Amino acid sequence: MKIATPASPAAPLARRAATTHIPYRPDIDGLRAVAVLAVVLFHAFPALLPGGFIGVDVFFVISGYLISSILLRELQQRQFSIAGFYARRVKRIFPSLLAVMLACLAFGWYALFPDEYGQLGKHVGGGASFAANLFYWAQVGYFDTSADTKPLLHLWSLGIEEQFYIVWPAVLALAWRRRANLLLVTAVLALLSFALNAAGIVHHATATFYSPLSRAWELLGGVLLACAAHGRPATASTGGKANLAAGAAVLLLALGLAFTTPERFPGWRALTPVVAAMLLIGAGPGAWFNRAVLGSRPMVAIGLISYPLYLWHWPLLSFAQIVEGHLPAPRIRVFAVLAAVVLAWLSYQMLERPLRRMKGRRARLQVGLLCVLMAATCLAGGWLYQNEGLPQRAPIRDNLANQKALIIVEDKANAAACKQRYGFASDYEYCLITWPERDPDVVLLGDSHAFHVVAGLTDYYKSRGENLLFLGTRHPYWGLPGREDPYQKATQPMLELALNTPSVKTVVFSAHLKLNTGADAKIYVDAARETYRRFLAAGKRVIVMEDVPLLSFDPRTCIKRAGVASSATTTPCAIPRAAWDKEIAEHEVVRKQFEREFPAIEWFRSSDALCDERECRAMVDGRLMYRDNNHLSYDGDLRVGEYFRRWAQQRQH
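Keep in mind that what you see is a predicted model, and the values were worked out from it rather than measured.

Novice: How would you explain the side chain of Asn414 if you had to name every residue and give the values?
Specialist: With respect to the helices and strands, Asn414 occurs in helix 18 (residues 412–422). Looking at Asn414, the relative accessible area reads 15%, which means it is buried. Setting aside residues no more than four positions away along its own chain, Asn414 makes contact with Leu432, Ile433, Thr434 and Pro436.

Listed below in structure tokens is the structure:
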């Protein structure tokens, strides 16, 4: 039976097909509205609501409360069924999620480049298997793409929820049957999860953010409320305590939305939205704020479409960012949000409500069909990823060579052989070597800005019969503290390996970091000085490859996208030479200082391969030289390598 507050103007909106058999609370739908509006506003206009992302944490508390209230009612009435629970989850979660993922795949077919479409397929597979959080956790790394260009990134939260519900119904049922103190069991589990969250956020921030173990306490906060309320009469308290709790919650939530930042989140900072949500739910539907604000018709109306609105808003904003190549104009973001509201309403009216009303055999068939469709969508996503985003799709055949330039070229077999040779065991210890069975003659040291010239340099040194070893680092300078950066921690052993390998005669440095004259850059200048001193003292030939120009635009925008009428193409595909000269002015001061201190160092200007007196080009002879705004494409890698060959040959004469 469903009970709505008689005086609530939201009561007509509450006439939904109810399978929950718990009292309906319009204020909780209103709280859903607060959560989803916070998230949407943060994603569309982050400066307006810096802490809007904590709306997800509010959703976790609401979910834990409502789902556990239903489970407790079923356990009390001896109607609990794991199959029934998951059937309800399928009917609740699958319809809108399928619609969003299929729409993303359809749009991507026409508009996304192969690397983008392949990644979308991978993320569809993660979303459809409810493992998106684990996918994104594993994908975070040095060559990872921006969050803004992952249209299904937001499904990480759905993954955490569903992983929680794989375990929690069975745990709750076991505790019930053993007559355990449910409050105590839940509190202990919540404290363990929170302790893992608080301990992990400092040294394992990514794992703490995405792991269901370190996020479970937020859902268990809602479970605590459900356990505390179970068995008590459903009364709508309007007393001072309820109003005080709601008022405190509103203040706490407002502070969280205004001042919480993503750094070291969740951690202790996640207590703000979780406690606020618990106080609001615990205050009950009779508290003035809950009744008059959260329970109002507009808030409940938004709350009813909060789930599909959450699903739709981020793909639209993300696709706009992909197509524009930069942060879309405010009017585009406003349009994307409005479109998400319309699509959410349509999803709710045409998919969610009709499917929830089905009963009996039709409902069972519906659940089975939804599961088959979800499995097929998961397989389709995996197939797209395995087939590299279908580069032969008719809509994108034009400029196929330049689309391929956007993809990272990596010899995984060679990397594995190199790591085996040197006993490297982690992702932070990365290397490539021309001939794994031979000792190296040349070492290329640096970050991703060394990786993006490794093909060209390998070709050159291979033609001379010299074995090039690439060692991936962070800032490739001696004695820099690793702090919390595992790549920097791995850098020092890489430097020592290059220095102490007798067969190595030449060491080439290439890095993104520019050495500047400011006080805050002194640590890097001193570290570079010590690095060059040590290698020269060891009798090594030292070559420094200066960086390529940083683009002010995404080179993808130099390629017109099929199927997108508003897609603009950047012309000319270049930046003014003066802009690059200004960018490196301070670096030039430091370089000249080093030239005086270490006349034996040889300096190669990578920018000579891309710049003339007037401009620095991202596209040369119709081929794209960059894969993003600061990394070379494979073609750019080979071009810089050819210029390096000419430079090196000139120095031999």
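Novice: Provide a residue-level description of the sheet that holds strand 3 (residues 468–472), including the pertinent values.
Specialist: The strands that make up a sheet pair up through hydrogen bonds in the backbone, lying either parallel or antiparallel. What the six strands build is an open sheet, ordered 1-3-2-4-5-7; its pairing is mixed. Across the chains shown, the open sheet's two edge strands, defined by having one partner strand only, are strand 1 (430–433) and strand 7 (602–605). Recorded for the sheet is a direction-independent mean angle of 20 degrees between the axes of neighbouring strands. Two elements, strand 2 (residues 442–446) and strand 3, share five bridges in a ladder whose sense is parallel. Note that in strand 3 the partner of Val443 across the bridge is Leu469. The strands touched by helix 25 (residues 634–652) within the sheet are strand 5 (541–546) and strand 7, with strand 7 carrying the most contacts at an inclination of about 145 degrees.

Novice: How would you summarise the environment of Ala228 if you had to cite specific residues and measurements?
Specialist: Here Ala228 lies in helix 9 (residues 212–229). Take Ala228: its relative accessible area is 33%, and that puts it in the partly exposed class. Taking the C-alpha atoms as reference points, Ala228 and Leu182, 46 residues apart in sequence, are found 8.8 Å from one another.

Novice: Account for a nonpolar patch on the surface, naming residues and giving values.
Specialist: Taken together, the side chains of Leu184, Val188, Leu189 and Leu192 present a nonpolar region at the surface, about 360 Å² in accessible area. Position of Leu189 among the secondary structure elements: in helix 7 (residues 182–203). According to the relative accessible area criterion, Leu189 is partly exposed, its value standing at 33%.

Novice: Summarise the packing of aromatic side chains; cite the residues concerned and give the values.
Specialist: Counting across every chain of the model gives 33 aromatic pairs. Seen from their ring centres, Tyr460 and Phe644 are 5.7 Å apart, and the 70 degrees between their planes marks the pair as edge-to-face. With a gap of 184 residues between them, Tyr460 in helix 20 (residues 454–463) and Phe644 in helix 25 connect regions that are remote in the sequence. Looking at Tyr460, the relative accessible area reads 3%, which means it is buried. What links up through ring pairs into an aromatic cluster is the set Tyr477, Phe509, Tyr532, Phe535, Phe594, Phe598 and Trp603. One cation-aromatic arrangement involves Arg215 over Phe209; the distance from NZ or CZ to the ring centre is 4.6 Å. Directly above the aromatic system of Tyr643 lies the positively charged group of Arg646, at a separation of 4.7 Å from the ring centroid.

Novice: I'd like a description of the packing of helix 1 (residues 26–44) against helix 2 (residues 55–76), backed by residues and values.
Specialist: Between helix 1 and helix 2, the least distance of the axes is 8 Å, while the angle of their chain directions is 155 degrees. One finds that helix 1 runs roughly antiparallel with respect to helix 2. Between helix 1 and helix 2 lies a crossing of left-handed hand. Contacts between helix 1 and helix 2 involve Ile28, Leu31, Arg32, Ala35, Val36 and Val39 on the former and, on the latter, Gly55, Val56, Val58, Phe59, Ile62, Tyr65 and Leu66.

Novice: Help me get a handle on the state of the cysteines, residues and values and all.
Specialist: Under the definition given, this model contains three disulfides. Through a disulfide, Cys418 is tied to Cys431; the S-S separation comes to 2.1 Å. Since a negative S-S torsion denotes a left-handed disulfide, the Cys418-Cys431 link at about -130 degrees is left-handed. Remark: Cys431 occurs in strand 1 and Cys418 occurs in helix 18; sequence separation between them is 13 residues. Across the pair, Cys431 and Cys418 agree in class, each one buried. In this model, Cys611 is linked to Cys616 through a disulfide, with the two sulfur atoms separated by 2.1 Å.

Novice: Residue-level account of the confidence of the model for the protein chain, with values.
Specialist: Averaged over all residues, the pLDDT of the protein chain is 91; the fraction at 70 or higher stands at 94%. Of the regions scoring below 50 in pLDDT, residues 1–20 engages in 44 contacts with residues more than four places distant in sequence or in other chains.

Novice: Mind laying out the nonpolar core, listing which residues take part and the relevant values?
Specialist: Residues Leu97, Leu120 and Leu152 are the most contacted members of the largest nonpolar core, which totals 112 residues. In this structure, Ala450, Val508, Ile584 and Leu610 belong to the second largest nonpolar core, which totals 44 residues.

Novice: Now, about helix 10 (residues 240–259): what can you tell me, with residues and values included?
Specialist: The terminal C-alpha atoms of helix 10, which comprises 20 residues, lie 28 Å apart, in line with the 28 Å expected from a rise of 1.5 Å per residue. Looking at helix 10, one finds that the buried residues are Ala242, Ala245, Ala246, Ala249, Leu253, Gly256 and Leu257. Projected onto a plane normal to the axis of helix 10, the buried residues spread over an arc of 95 degrees and lie on a single side. Exposed side chains of helix 10 directed beyond 90 degrees from the buried face belong to Gly240, Leu244, Leu251 and Phe259.

Thresholds applied
- Residues numbered from 1 in each chain as written.
- Predicted model: local features only at pLDDT ≥ 70, side-chain atom pairs only at ≥ 80, totals over all residues.
- Heavy atoms only, no water.
- Helix = DSSP H or I, 4+ residues; strand = E, 2+ residues; numbered from the N terminus.
- Buried < 20%, exposed > 50% of the residue type's maximum accessible area, 1.4 Å probe, protein only.
- Contact = heavy atoms within 4.5 Å.
- Pairing = 2+ DSSP bridges.
- Axes fitted to C-alpha atoms, helices over the stretch in contact; angles between N-to-C directions.
- Patch = residues over 30% accessible without salt bridge, like charges linked within 9 Å, V, L, I, M, F, W, Y side chains within 5 Å.
- Areas by Shrake-Rupley, 256 points an atom, 1.4 Å probe, with all protein chains shown as cover.
- Salt bridge = Lys/Arg side-chain N within 4 Å of Asp/Glu carboxyl O.
- Phe/Tyr/Trp six-rings, centres within 6.5 Å; stacked < 30°, edge-to-face > 60°.
- Lys NZ or Arg CZ within 6 Å of the ring centre and 35° of its normal.
- Parallel < 35°, antiparallel > 145°, perpendicular 65-115°, else oblique.
- Left-handed = near helix turned anticlockwise from the far one by under 90°.
- Disulfide = S-S within 2.5 Å.
- pLDDT = per-residue confidence, 0-100.
- Core = buried A, V, L, I, M, F, W, Y, C linked by side-chain atoms within 4.5 Å.
- Expected span 1.5 Å × (residues − 1).
- Arc of directions from axis to C-beta.

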